[in-house]
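Results of the structural survey
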Amino acid sequence: MSQTSQPLTYVHSRTAVLRNENIDTDRIIPARFLTTTERTGLGKHCFEDWRYAADGSDDPAFPLNQPAARGCAILVAGHNFGCGSSREHAPWALLDYGIKAVISSEIADIFRGNALKNGLLAIVLSEAEHRWLLDNPGVELRIDVAESTIRLPDGGTIRFELDAFSRHCLLNGVDQLGFLLQQQDAIAAYETLVEKAA
């Protein structure tokens, strides 16, 4: 079976907030790091040109370098996250960095597709819901993939859209190939049926 990652059932974490709008894939993982086909090792270059000062040390001005953002698995990003060129390295970098879910009011279609195929939960919320999360960094959320819900600290719930195929793949930790391999018995039965009918 082709695994993308560990099955993703829940994400329970505080949020890190990156308010910038129109964060493109070159910001997420600069093009000079696209020479590898490995999914691991890219986390250290995630947001490379923002994260580090000229001497290579962590830039304290970058929001994800703040102590409160350390260890957060949920990234709340500004509007139109993941725009720009298509590259699977962008979700690979975020996953390797430790991000399991990205939330915004708009996520570029190609990036969102690449993210979901690679085990990164990409959630689009209404502008009002998104604004509340932007204005409350560090809030603790519990995301239920099967139910497509986000549980807020006050007990309230936000629902989000997630297509059935992406949900299945996330819950089972498989990609498109993995999904097809899960259907081997049905495929074999169909082939036998066709052979008999020929």
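Please read all numbers here as calculations on a predicted model, not as lab measurements.

A few words now on the overall build of the chain. From N to C terminus, the chain includes eight helices and seven strands. Here the chain, with 198 residues, has 44% of them falling under the buried criterion. For the chain, contacts bridging at least 24 residues in sequence account for 65% of all contacts bridging at least 6.

A few words on the packing of aromatic side chains. Summed over all chains, the structure comprises four aromatic pairs. Both rings, one in Phe-47 and one in Trp-50, keep their centres 6.1 Å apart while their planes meet at 10 degrees; by these two values the pair is stacked. Seen in terms of ring centroids, Trp-50 and Phe-62 are 5.9 Å apart; in terms of plane orientation they differ by 40 degrees. Their pairing is tilted. With Trp-50 in helix α2 (residues 48-51) and Phe-62 in the loop between α2 and β2 (74-77), this pair connects stretches of sequence that are twelve residues apart. Relative accessible area serves as the criterion here: at 4%, Phe-62 is assigned to the buried category. Joined through ring pairs, the aromatic side chains of Phe-47, Trp-50 and Phe-62 make up one cluster.

Right, let's talk about the side chain of His-89 for a bit. One can find His-89 in helix α3 (residues 89-97). Excluding residues within four positions of it along the chain, His-89 makes contact with Ile-29, Phe-33, Leu-34, Thr-36 and Leu-42.

Two elements, strand β1 (residues 10-18) and strand β5 (residues 140-144), share five bridges in a ladder whose sense is antiparallel. Across the sheet, residue Val-11 finds its bridge partner in β5, namely Ile-143.

With that settled, consider the environment of Val-102. Looking at the element boundaries, Val-102 is found in strand β3 (residues 101-104). With 21 residues separating them along the chain, Val-102 and Ile-123 place their C-alpha atoms 6.1 Å apart. When neighbours within four sequence positions are excluded, Val-102 is seen to be in contact with Leu-75, Phe-81, Leu-94, Ile-107, Leu-120, Leu-121, Ala-122 and Ile-123.

In any sheet, the strands associate via hydrogen bonds between backbone groups, in a parallel or an antiparallel arrangement. Spatial strand order, β4-β3-β2-β1-β5-β6-β7: seven strands in an open sheet with mixed pairing. Both outer strands of the open sheet, β4 (121-124) and β7 (157-159), are each paired with one neighbouring strand and no more. The mean inter-strand angle of the sheet, taken between neighbouring strand axes irrespective of direction, is 30 degrees. Looking at chain direction, strand β6 (residues 149-151) and β7 are connected through three bridges and run antiparallel. Within β7, the residue paired with Thr-149 across the bridge is Arg-159.

Cut-offs used in this document
- Here the residue index of a chain counts from 1 through its sequence in written order.
- pLDDT decides what is reported in this predicted model: residues at 70 or higher carry local features, side-chain atom pairs at 80 or more are listed and counted, and totals for whole chains, interfaces and linings draw on all residues regardless.
- Heavy atoms from the whole structure form the basis of all side-chain values; hydrogens and water molecules are not counted.
- A helix here means a DSSP run of H or I that spans at least four residues, while a strand means a run of E at least two residues long, and both kinds are numbered starting from the N terminus.
- Here the term buried applies to any residue with accessible area under 20% of the maximum for its type, exposed to any over 50%, and partly exposed to those in between, with areas from a 1.4 Å probe on protein chains only.
- We call two residues contacting when some pair of their heavy atoms lies within 4.5 Å.
- Classification of ring pairs uses Phe, Tyr and Trp, with its six-membered ring standing for Trp, and accepts pairs whose centres are within 6.5 Å; under 30 degrees between planes counts as stacked, over 60 as edge-to-face, and the remaining range as tilted.
- When DSSP finds at least two bridges between two strands, those strands are taken to pair.
- With axes taken as lines fitted to C-alpha atoms, and helix axes fitted only over the stretch in contact, angles between N-to-C directions fall between 0 and 180 degrees.

Note that all results are geometric; they support no functional claim without further evidence.
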